[in-house]
Amino acid sequence: QVQLVESGGGLVQPGGSLRLSCVASGRIFSLNTMGWYRQVPGKERELAATITSGGSANYADSVKGRFTISRDDAKKTVYLQMNSLKPEDTAVYYCYANVRSRYYEDRNDYWGQGSQVTVSS
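Quantities reported herein were computed from a predicted structural model and do not represent experimental measurements. (Residues numbered from 1 in each chain as written. Predicted model: local features only at pLDDT ≥ 70, side-chain atom pairs only at ≥ 80, totals over all residues. Heavy atoms only, no water.)

Undergrad: Teacher, can you tell me more about the environment of Cys-95 here?
TA: As for its position among the elements, Cys-95 is in strand 9 (residues 91–100). When its relative accessible area of 0% is taken as the criterion, Cys-95 is described as buried. As for Cys-95 and Thr-52, which are separated by 43 residues in sequence, their C-alpha atoms are 14 Å apart. (Helix = DSSP H or I, 4+ residues; strand = E, 2+ residues; numbered from the N terminus. Buried < 20%, exposed > 50% of the residue type's maximum accessible area, 1.4 Å probe, protein only.)

Undergrad: What exactly am I supposed to notice about the state of the cysteines here?
TA: Linking two cysteines covalently through their sulfur atoms gives a disulfide. In the structure shown here, the tally under the stated rule is one disulfide. For Cys-22, the disulfide goes to Cys-95, at an S-S distance of 2.0 Å. Judged by the sign of its S-S torsion, about -85°, the cystine formed by Cys-22 and Cys-95 is left-handed. Residue Cys-22 is found in strand 3 (residues 18–26), and its partner Cys-95 is found in strand 9; the two are separated by 73 residues along the sequence. Taken individually, Cys-22 and Cys-95 each receive the classification buried, so the pair is uniform in this respect. (Disulfide = S-S within 2.5 Å.)

Undergrad: What exactly am I supposed to notice about the pairing of strand 10 (residues 107–111) here?
TA: It is a general feature of regular strands that their side chains alternate between the two faces of the sheet. Alignment of strand 9 against strand 10, held across five bridges, turns out to be antiparallel. For Arg-100, the partnering residue across the bridge sits in strand 10 and is Arg-107. Between strand 9 and the antiparallel strand that follows it, strand 10, lie six residues. (Pairing = 2+ DSSP bridges.)

Undergrad: I tried to follow a nonpolar patch on the surface on my own but got confused; where do I start?
TA: A cluster of nonpolar side chains, Phe-29, Tyr-103 and Tyr-104, forms an exposed patch at the surface whose accessible area comes to about 430 Å². Counting through the fold element by element, Phe-29 comes out in the loop between strand 3 and strand 4 (30–39). (Patch = residues over 30% accessible without salt bridge, like charges linked within 9 Å, V, L, I, M, F, W, Y side chains within 5 Å. Areas by Shrake-Rupley, 256 points an atom, 1.4 Å probe, with all protein chains shown as cover. Salt bridge = Lys/Arg side-chain N within 4 Å of Asp/Glu carboxyl O.)

Undergrad: How should the packing of aromatic side chains be read in this particular structure?
TA: Geometry of an aromatic ring pair is reported as the spacing of the ring centres plus the angle between the planes. Following the criterion strictly, the structure yields five aromatic pairs and no others. For the ring pair Phe-29 and Tyr-103, a centre distance of 6.3 Å and an interplane angle of 55° mean the geometry is tilted. Taken together, the positions of Phe-29 in the loop between strand 3 and strand 4 and Tyr-103 in the loop between strand 9 and strand 10 put the pair 74 residues apart, joining distant regions of the chain. The residues Phe-29 and Tyr-103 share a single accessibility class, namely exposed. An aromatic cluster is present here, built from Phe-29, Tyr-103 and Tyr-104 joined pairwise through their rings. Geometry around Tyr-94 places Arg-45 over its ring, the cationic atom sitting 3.7 Å from the centre. The ring of Trp-111 is capped by Arg-45, whose NZ or CZ atom sits 4.7 Å from the centre of that ring. (Phe/Tyr/Trp six-rings, centres within 6.5 Å; stacked < 30°, edge-to-face > 60°. Lys NZ or Arg CZ within 6 Å of the ring centre and 35° of its normal.)

Undergrad: Help me understand the pattern of salt bridges, please; the structure alone is not making it clear to me.
TA: Charged atoms that come close allow side chains of opposite charge to pair. Considering all chains together, one arrives at six salt bridges under this definition. As a salt-bridge pair, Asp-89 and Arg-66 come within 2.7 Å of each other at their nearest N and O atoms. Of this pair, Asp-89 sits in the loop between strand 8 (77–82) and strand 9 while Arg-66 sits in the loop between strand 6 (57–59) and strand 7 (67–72); the two residues are 23 residues apart in sequence, bridging distant segments of the chain. Judged by relative accessible area, Asp-89 falls into the buried class, the value being 1%. When the shortest N-O distance is used, the salt bridge between Arg-71 and Asp-73 registers 2.8 Å. Where salt bridges share partners, they join Arg-38, Glu-46, Arg-66 and Asp-89 into one cluster.

Spelled out as structure tokens, the structure:
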């Protein structure tokens, strides 16, 4: 089993910054794509940013130029640096990881519990 634990959410004023962190633990043979999705009440969960094991990043158009995703595989951690935050960035942010637990097993998707980010004056 794999657990993802997020931290770093909170309340910030428009134009401010926050950094989300997500640590993976448990039975991990390889960490593949990791990322962040976000969801507001009444809407589907949507991509914010992902990063492959090779370091290639992908961003939603709405966050390009403001958010930066990175990872530290030695720490089994993925980060999301969020700058120039807007009220429309308010959401619950979920960490995601695609993990192979044993070399002979298929990969599986795992999710964190969610971290609230509120952008408001």
